[in-house]
Amino acid sequence: GHGVVVLTTGGRTEQFAMKERAALPPACFVQMGDFLRYALDEAVAQGLTEVVIGGMVGKLTKIAQGETITHANRAEVDTELLARLAARIGAPPEVCAEIAAAETARFAAERMQALGVATVFHEALAQAVVRTLMAPDRYGGQFRLQVLVCDFDGLKMAEADSTHFPST
């Protein structure tokens, strides 16, 4: 009866999302794990008007790069995408090169933290997730999307909302 589902990738992100959206009852929270496509398709089928995705840098990077099944064996993290985001927010070229050469998204997050731009970096990632999922050939216009980003300790890093990034 709330018209919203909060999709999370696991227990830590679910606990984080429950704090962020504390007014919602527990039934609105679903641990989708690696299966974003099935969760979003069901949200559309059920006529939900709002979807919230809570996640960390690794899974969110995979979603931003267009993956809707994010299992580690299914697709690798596009560290080039992370390097482009880092460059866009002003990270030095040598740091961007390190990020592009890295194997994990966590490395990018840690480098951005060390530079003092973690919040801006995670905001850019959340915005990339919104733009990818709300593209007209994906889920654009079918629901409002909010992306909540937490760190590995479950602390909020950033958020983005489709009302600020309408599909084109």
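Reading guide: rules and limits
- Residues numbered from 1 in each chain as written.
- Predicted model: local features only at pLDDT ≥ 70, side-chain atom pairs only at ≥ 80, totals over all residues.
- Heavy atoms only, no water.
- Disulfide = S-S within 2.5 Å.
- Pairing = 2+ DSSP bridges.
- Helix = DSSP H or I, 4+ residues; strand = E, 2+ residues; numbered from the N terminus.
- Buried < 20%, exposed > 50% of the residue type's maximum accessible area, 1.4 Å probe, protein only.
- Contact = heavy atoms within 4.5 Å.

A.B. asks: Sorry if this is basic, but what is going on with the state of the cysteines here?
C.D. replies: Think of a disulfide as a covalent bridge from one cysteine sulfur atom to another cysteine sulfur atom. For the coordinates displayed, the defined rule picks out zero disulfides. The cysteine Cys28 is free of any disulfide, with Cys150 supplying the nearest cysteine sulfur at 19 Å.

A.B. asks: Just checking my understanding: could you explain the pairing of strand S5 (residues 156-161) for this structure?
C.D. replies: Moving residue by residue along a regular strand, the side chains alternate between the two faces of the sheet. One ladder, built from five bridges, connects strand S4 (residues 144-150) with S5; its direction is antiparallel. Within S5, the position partnered with Gln146 by the bridge is Asp161. Counted along the chain from S4 to the antiparallel partner S5, the turn is five residues long, and its residue Gly154 has a positive phi close to 80°.

A.B. asks: Would you mind showing me how to read helix H3 (residues 57-64) here?
C.D. replies: Along an α-helix, residues three or four apart share an orientation, since each turn contains 3.6 residues. In terms of residue burial, H3 counts as a mostly covered element, since six of its eight residues are buried. All of the buried residues in H3 are Val57, Leu60, Thr61, Lys62, Ile63 and Ala64. Considering only its buried residues, H3 is in contact with helix H2 (36-45), strand S3 (50-55), helix H4 (79-88), helix H6 (105-115), helix H7 (118-133) and S4.

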